[in-house]
Amino acid sequence: MDSSVNVLDGINFTIAERESVGLVSPSGTGKTTLLQIAALLESPTSGSVIIRGKCADTLSNDEKAGIRLRNIGFVYQFHNLLPEFSVLENVAIPSLIGRASKREAYDRATILLHHVGLEHRLSHSTNRLSGVA
Ligand SMILES: Nc1ncnc2c1ncn2[C@@H]1O[C@H](COP(=O)(O)OP(=O)(O)OP(=O)(O)O)[C@@H](O)[C@H]1O
Ligand SMILES: [Mg+2]
């Protein structure tokens, strides 16, 4: 018996820089799969992901990791904040990994947190962000 599940069949779309897009669908229809593929964490069985005009099909794992560092990020509701670090530090860590100076990383993290209305939470620990953090 073929138990394979076909998801994201015939999907073709573009998201512009700074565009906000909501993705709404019933459970199990492929939202997480789409995000995993868009972030180059999984490869599609067919089709391609094009990021900033460049086809990602032939990129090495290191190159994919570089794109995730600089161009794509996830904000998860449930996981993946580091509890030992403040909200500001959690947001600054990717820039620090990308070799920004401490000053640059913290300035950028502050701006980003302002953008999402969390400027009053910079020094909070992540477990005080919400009931599920
Ligand atoms: N690791 C896996 N192994 C096998 N099948 C999987 C796996 N992950 C997802 N699937 C299947 O792929 C399909 C899409 O799953 P996906 O997790 O992308 O859906 P979703 O839209 O994110 O669901 P939800 O709204 O519940 O988060 C589902 O039918 C699921 O059964
Ligand atoms: Mg999901």
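Everything here concerns the structure above.
### Digging into helix 2 (residues 61-70)
Three or four residues apart is the spacing at which side chains of an α-helix point the same way, because the helix has 3.6 residues per turn.
Part 1 of the argument: Buried within helix 2 are the following residues: Lys 64, Gly 66 and Ile 67. Seen from one end, helix 2 has its buried residues packed into an arc of 155 degrees, which puts them on one side. Looking at helix 2, the residues exposed on the side facing more than 90 degrees away from the buried face are Asn 61 and Asp 62.
Part 2 of the argument: Those residues of helix 2 hidden inside the fold are in contact with strand 1 (50-51).

### Looking at the site of ligand 1
Part 1 of the argument: The immediate surroundings of ligand 1 are formed by Val 5, Val 7, Pro 26, Ser 27, Gly 28, Thr 29, Gly 30, Lys 31, Thr 32 and Thr 33.
Part 2 of the argument: Summarising the interface, the protein chains cover 47% of the accessible area of ligand 1, which totals 630 Å² for the free molecule.
Part 3 of the argument: For the shell around ligand 1, the residue count by class is 3 nonpolar, 6 polar and 1 charged.

### Re a nonpolar patch on the surface
Part 1 of the argument: Judged by side-chain polarity, Ile 11, Phe 13, Ile 15 and Val 21 come together as a nonpolar surface patch covering roughly 380 Å² of accessible area.
Part 2 of the argument: Positionally, Val 21 belongs in the segment before helix 1 (31-38).

### Considering unusual backbone geometry
Part 1 of the argument: A positive phi angle is found at Leu 40, which is not glycine, with a value near 65 degrees.
Part 2 of the argument: Residue placement: Leu 40 occurs in the loop between helix 1 and strand 1.
Part 3 of the argument: The backbone of Arg 52 sits at a positive phi, close to 50 degrees, despite the residue not being glycine.
Part 4 of the argument: With respect to the helices and strands, Arg 52 occurs in the loop between strand 1 and strand 2 (54-55).

### Comments concerning the side chain of His 124
Part 1 of the argument: By secondary structure assignment, the location of His 124 is in the segment after helix 4 (102-115).
Part 2 of the argument: When neighbours within four sequence positions are excluded, His 124 is seen to be in contact with Ser 86 and Val 87.

### Points about the pattern of salt bridges
Part 1 of the argument: Tallied over the entire structure, the rule returns 1 salt bridge.
Part 2 of the argument: The salt bridge partner of Arg 103 is Asp 107, with a shortest N-O separation of 3.3 Å. Note that Arg 103 and Asp 107 are positioned in helix 4 at a spacing of 4 residues, about one turn of the helix.
Part 3 of the argument: For Arg 103, a relative accessible area of 62% corresponds to the exposed category.
Part 4 of the argument: According to the relative accessible area criterion, Asp 107 is partly exposed, its value standing at 38%.

### What about the environment of Ile 11?
Part 1 of the argument: With respect to the helices and strands, Ile 11 occurs in the segment before helix 1.
Part 2 of the argument: As for Ile 11 and Gly 28, which are separated by 17 residues in sequence, their C-alpha atoms are 16 Å apart.

### What to know about the environment of Ser 48
Part 1 of the argument: Within the fold, Ser 48 resides in the loop between helix 1 and strand 1.
Part 2 of the argument: Under the relative-accessibility criterion, Ser 48 is labelled partly exposed at 47%.
Part 3 of the argument: The contact partners of Ser 48, leaving out residues within four places of it in the chain, are Cys 55 and Asp 57.
Part 4 of the argument: Within the structure, Ser 48 has its side chain in polar contact with the side chain of Asp 57 (distance 2.7 Å).

The rules behind each value
Residues numbered from 1 in each chain as written. Chains lettered and ligands numbered in written order. Predicted model: local features only at pLDDT ≥ 70, side-chain atom pairs only at ≥ 80, totals over all residues. Heavy atoms only, no water. Buried < 20%, exposed > 50% of the residue type's maximum accessible area, 1.4 Å probe, protein only. Helix = DSSP H or I, 4+ residues; strand = E, 2+ residues; numbered from the N terminus. Arc of directions from axis to C-beta. Contact = heavy atoms within 4.5 Å. Near = heavy atom within 4 Å. Areas by Shrake-Rupley, 256 points an atom, 1.4 Å probe, with all protein chains shown as cover. Nonpolar A, V, L, I, M, F, W, Y, C, P; charged D, E, K, R; others polar. Patch = residues over 30% accessible without salt bridge, like charges linked within 9 Å, V, L, I, M, F, W, Y side chains within 5 Å. Salt bridge = Lys/Arg side-chain N within 4 Å of Asp/Glu carboxyl O. Polar contact = N/O pair within 3.5 Å; in protein donor to acceptor, adjacent residues only side chain to side chain.

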